[in-house]
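Next come the chains, spelled out residue by residue.
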Amino acid sequence: MSDLAVHRCVCPGSFDPVTVGHVDVVRRASALFDEVVVAVMTNPAKQSTFSLEERLDLLRAALAGIDGVRVVEAGGGLLVDFCTRVGAGAVVKGLRSGTDVAYEMPMALMNRHLSGLETVFLPGDPTLEHISSSLVKEVAAHGGDVTGMVPDGVLAPLLARLGVTGDGATP
Ligand code: PNS
């Protein structure tokens, strides 16, 4: 293998909460890299539904079956500094729609500008393209059925946090 090979990548996000789309991207990243560090970050632009500890716990449970994955709190600093600290040579992100391209591309270019850190984009699974943490929360909050959009262990905590029962009614 080349000396330039990148062995460790980072999958960053706020994961509020983790969805099956996130799990798909981490699983596919783990097939490409020896180790995937899933970095739970705080996005100041978003008010989080779950605490940092809760997001970490839900992620760890959801990713437990995937080899070579570590879930860590990344703190509030720059992603490039975190990647340097953990020795990761690439960021891996899933790309769903054109909206994702518009959101992700400036961050990828900025990270490369700051430290040379490259971003690898994985095309989103078309069957999961509509799934995002924010849409899942919006649908669930209005009584919609989000079964299968989040890992099994996330559904009950999500409904409880949003104050809705399994049948969509507010208690
Ligand atoms: O899941 P999200 O909320 O879309 O994740 C966005 C996140 C946390 C990955 C992004 O905001 C980020 O990288 N934050 C770390 C701070 C940073 O490095 N900002 C400059 C990005 S170019």
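Scroll up to find the structure.
Cut-off values and rules
- Residues numbered from 1 in each chain as written.
- Predicted model: local features only at pLDDT ≥ 70, side-chain atom pairs only at ≥ 80, totals over all residues.
- Heavy atoms only, no water.
- Pairing = 2+ DSSP bridges.
- Helix = DSSP H or I, 4+ residues; strand = E, 2+ residues; numbered from the N terminus.
- Axes fitted to C-alpha atoms, helices over the stretch in contact; angles between N-to-C directions.
- Near = heavy atom within 4 Å.
- Polar contact = N/O pair within 3.5 Å; in protein donor to acceptor, adjacent residues only side chain to side chain.
- Nonpolar A, V, L, I, M, F, W, Y, C, P; charged D, E, K, R; others polar.
- Disulfide = S-S within 2.5 Å.
- Buried < 20%, exposed > 50% of the residue type's maximum accessible area, 1.4 Å probe, protein only.
- Right-handed = clockwise from strand over helix to strand, strands pointing away.
- Salt bridge = Lys/Arg side-chain N within 4 Å of Asp/Glu carboxyl O.
- Expected span 1.5 Å × (residues − 1).
- Contact = heavy atoms within 4.5 Å.

A.B. asks: Pulling in residues and values, what's your account of the sheet that holds strand E3 (residues 69-75)?
C.D. replies: Taken in spatial order, the five strands of this open sheet run E3-E2-E1-E4-E5, and their pairing is parallel. Whereas interior strands pair on both sides, the edge strands pair on one side only; in this sheet they are E3 and strand E5 (118-123). Looking at each pair of strands side by side, their axes are set apart by 35 degrees on average, direction ignored. Note: strand E1 (residues 8-13) against strand E4 (residues 90-95), two bridges, orientation parallel. Its bridge partner lying in E4, Cys9 is registered against Ala90.

A.B. asks: Explain the site of the ligand residue by residue, including any values.
C.D. replies: The environment of the ligand is made up of 14 residues, and the closest members are Ser14, Asn43, Lys46, Leu79 and Tyr103. Asn43 is positioned with one of its side-chain polar atoms (N or O) 3.0 Å from an oxygen atom of the ligand. Contact between the ligand and Leu79: an oxygen atom at 2.8 Å from a main-chain N or O atom of the residue. Top contributing element to the shell around the ligand by residue count: helix H4 (residues 98-115), with four residues. Its residues placed into classes, the shell around the ligand shows seven nonpolar, five polar and two charged.

A.B. asks: So what about the state of the cysteines? Which residues, and what values?
C.D. replies: The tally for this structure, following the rule as stated, stands at zero disulfides. Sulfur of Cys11: no disulfide; nearest cysteine sulfur belongs to Cys9 and is 4.7 Å away.

A.B. asks: Give me the lowdown on the pairing of E4, citing residues and values where you can.
C.D. replies: Of all six residues that make up E4, five are buried, and the element is covered over most of its length. Bridge count for E4 against E5 is six bridges, and the pairing is parallel. Following the sheet pairing, Lys93 is matched in E5 by Phe121. A crossover connection joins E4 to the parallel E5 through H4; in handedness this β-α-β unit is right-handed.

A.B. asks: Outline the pattern of salt bridges, listing residues and values.
C.D. replies: As enumerated under the stated definition, the model contains eight salt bridges in all. We note a salt bridge from Asp24 to Arg28, for which the minimum N-O separation is 3.0 Å. Of this pair, Asp24 and Arg28 both sit in helix H1 (residues 20-32), four residues apart, which is roughly one turn of that helix. Judged by relative accessible area, Arg28 falls into the partly exposed class, the value being 27%.

A.B. asks: So what's going on with H1? Which residues, and what values?
C.D. replies: Between its terminal C-alpha atoms H1 stretches 19 Å, which fits the 18 Å expected from 13 residues at 1.5 Å a residue. Those residues of H1 that fall on the buried side of the exposure criterion are Val20, Gly21, Val23, Asp24, Val25, Val26 and Ala29. Close packing links the buried residues of H1 with E1, strand E2 (35-41), helix H2 (52-62), E3, E4 and E5. Capping the start of H1, Thr19 holds a side-chain oxygen 3.1 Å from the backbone nitrogen of Gly21, two or three residues further along.

Functional significance is not addressed by these values, which are geometric in nature.
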